[in-house]
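# Examining the three-dimensional arrangement
If you want the building blocks of each chain, they are given just below.
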Amino acid sequence: MAMDILSSDFDSRLRLKTKTVGGERIKRAKDNNEDIAILSMFLPGATAAKEQEKFRCHLGMDCRVGDCRDTTPGTKKMEYKTRQWHEKCFCCCVCKTAIGTKSFIPREQEIYCAGCYEEKYATRCIKCKKIITSGGVTYKNEPWHRECFTCTHCQVSLAGQRFTSRDEKPYCAECFGELFAKRCTSCTKPITGIGGTRFISFEDRHWHNDCFICAICKTSLVGRGFITDEQDVICPECAKQKLM
């Protein structure tokens, strides 16, 4: 019985945090091209006004403030990468809720709140259909929660355990042996082949290596000649003795 393999654990989410920082920290973030959103305030004064003339809210005609060029002192703006928004305009592209200082996820030029991103893109368990946030496993290119990846028959967790499959369904080694494996003619226990277990087959009968012994003297017949005596197998020596 060949054993199947799970992939290593994975984490399905990327979350970025909005940072509210002072002027020096903003400059350092820009200089270092840090992957954070920066929340700052429009300031009064001629110097600030001149700098703020360059501001254009990324929402343009859809600006929630009403004027994409509005820089009223005391109001706040968001900067992410090379784009800028009014604070209330920096919102999730799905639910339109302002991000504020909450977590967000950028994807293909759009901004998502964590909830909407997970609902639309997050990896879901193939069994329970719920989102996998961390600690999932992949089997046959499909994602599972570790706790959902269980034996089809006994429901024991298979994460980190030996298992195999039949008809695309996973089974623990014990259940597979009980349900599907050949059985030893001598001891009647399953012959699974797990861990390199060797066995002997003759016609329609099968034995574990350790069970393939002479029915009379009990010596191993593995690698030796043998004689069938109705349902028994015996060594040549015992066969001669029986004929005498």
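Structure: see above.
The structure contained in this document is the topic of the report that follows. All values derive from a computational prediction rather than experimental measurement.

## A look at the side chain of Thr150
Relative to the assigned elements, Thr150 resides in the loop between β8 (142-145) and β9 (163-166). What makes Thr150 buried here is its relative accessible area of 9%. Not counting residues within four places of it along the chain, the set of residues in contact with Thr150 comprises Lys127, Gln155, Val156, Ser157, Leu158 and Pro170.

## Observations concerning the pairing of β9
Pairing geometry for β9 and strand β10 (residues 169-172), over four bridges, is antiparallel. By the bridge assignment, Phe163 is partnered in β10 with Cys172. A loop of two residues connects β9 with β10, the two strands running antiparallel in sequence, and Asp167 in this loop sits at a positive phi of about 55 degrees.

## Quick word on the layout of surface pockets
When its volume is computed, the second largest pocket comes out at roughly 220 Å³. For the second largest pocket, the lining is made up of 15 residues, of which Leu59, Cys89, Cys91, Cys93 and Glu110 are closest to its centre. For the lining of the second largest pocket, the secondary-structure elements that each account for two or more residues are β4 (83-86) and β6 (110-113).

## Structural notes on the pairing of strand β5 (residues 103-107)
In this sheet, β6 lies alongside β5 in antiparallel orientation, the contact comprising four bridges. Its bridge partner lying in β6, Arg107 is registered against Glu110. Taken together, β5 and the strand that follows it, β6, pair antiparallel across an intervening segment of two residues, in which Glu108 is found at a positive phi of about 50 degrees.

## Details of the pattern of salt bridges
Applying the stated rule across the entire model yields three salt bridges. The shortest N-O distance in the salt bridge between Glu79 and Lys77 comes to 3.8 Å. Exposure class is identical for Glu79 and Lys77. Each is buried. Here Arg224 and Glu237 are joined by a salt bridge, their closest N and O atoms 3.1 Å apart. Of this pair, Arg224 sits in the loop between β14 (205-208) and β15 (227-229) while Glu237 sits in helix α5 (residues 236-243), and the two are 13 residues apart along the sequence.

## Some thoughts on helix α3 (residues 114-121)
Restricting attention to buried positions, one finds in α3 the residues Ala114, Cys116, Tyr117 and Glu118. Looking at the buried residues of α3, the elements they touch are β5 and β6.

## Remarks on the nonpolar core
Counting 17 residues, the largest nonpolar core has Cys57, Tyr80, Trp85, Phe90, Ile99, Phe104 and Ile111 as its most contacted members. Only β2 (37-41), β3 (76-80) and β6 provide two or more residues apiece to this core. Apart from the residues lying within four places of it in its own chain, the contact partners of Trp85 are Phe55, Cys57, His58, Leu59, Lys77, Met78, Tyr80 and Phe90. Among the nonpolar cores identified, the runner-up in size contains 14 residues, and Cys125, Val137, Cys148 and Phe149 belong to it.

## A look at the packing of aromatic side chains
The way to describe two aromatic rings as a pair is by their centre distance and the angle between their planes. What the rule picks out here adds up to 14 aromatic pairs. The interplanar angle of 55 degrees and the centroid separation of 5.2 Å between the aromatic rings of Tyr139 and Phe149 together place this pair among those described as tilted. Here Tyr139, found in strand β7 (residues 136-139), pairs with Phe149, found in the loop between β8 and β9; they are ten residues apart in sequence, far enough to count as distant. Chaining the aromatic ring pairs together yields one cluster made of Tyr80, Trp85, Phe90 and Phe104. Arg107 extends its terminal NZ or CZ atom over the ring of Tyr121, reaching a point 3.7 Å from the ring centre.

Here is what the cut-offs are and how they apply
Residue positions are given per chain, counted from 1 along the sequence in the order it is written. Given that this is a predicted model, residues contribute local features only at a pLDDT of at least 70 and side-chain atom pairs are listed and counted only at 80 or more, while totals for whole chains, interfaces and linings are drawn from all residues. Heavy atoms from the whole structure form the basis of all side-chain values; hydrogens and water molecules are not counted. Each helix corresponds to a stretch of at least 4 residues labelled H or I by DSSP, and each strand to a stretch of at least 2 residues labelled E; elements are numbered beginning at the N terminus. Throughout, exposure labels follow a simple rule: accessible area from a 1.4 Å probe, protein chains only, divided by the maximum for the residue type, with under 20% read as buried, over 50% as exposed, and the rest as partly exposed. Only heavy atoms enter the contact rule, under which two residues are in contact if any of them lie within 4.5 Å. For two strands to pair, DSSP has to find at least two bridges joining them. Throughout, the protein atoms alone are placed on a 1 Å grid, and a set of points is a cavity if a 1.4 Å probe fits but cannot get out or a pocket if it is open with protein on both sides within 12 Å along at least five of seven lines; lining residues have an atom within 4 Å of a point. Grid points are joined across faces, edges and corners, and a volume is the space filled by probe spheres set on the points. Salt bridge criterion: a side-chain nitrogen from Lys or Arg within 4 Å of a carboxyl oxygen from Asp or Glu. By nonpolar core is meant a set of buried Ala, Val, Leu, Ile, Met, Phe, Trp, Tyr and Cys residues that side-chain atoms within 4.5 Å join together. The criterion for an aromatic pair is that two Phe, Tyr or Trp rings (for Trp, the six-membered ring) have centres within 6.5 Å, with stacked assigned to planes under 30 degrees apart, edge-to-face to planes over 60 apart and tilted to the rest. The rule is short: NZ of Lys or CZ of Arg within 6 Å of the ring centre and within 35 degrees of the ring normal puts a charge over the ring.

Functional significance is not addressed by these values, which are geometric in nature.
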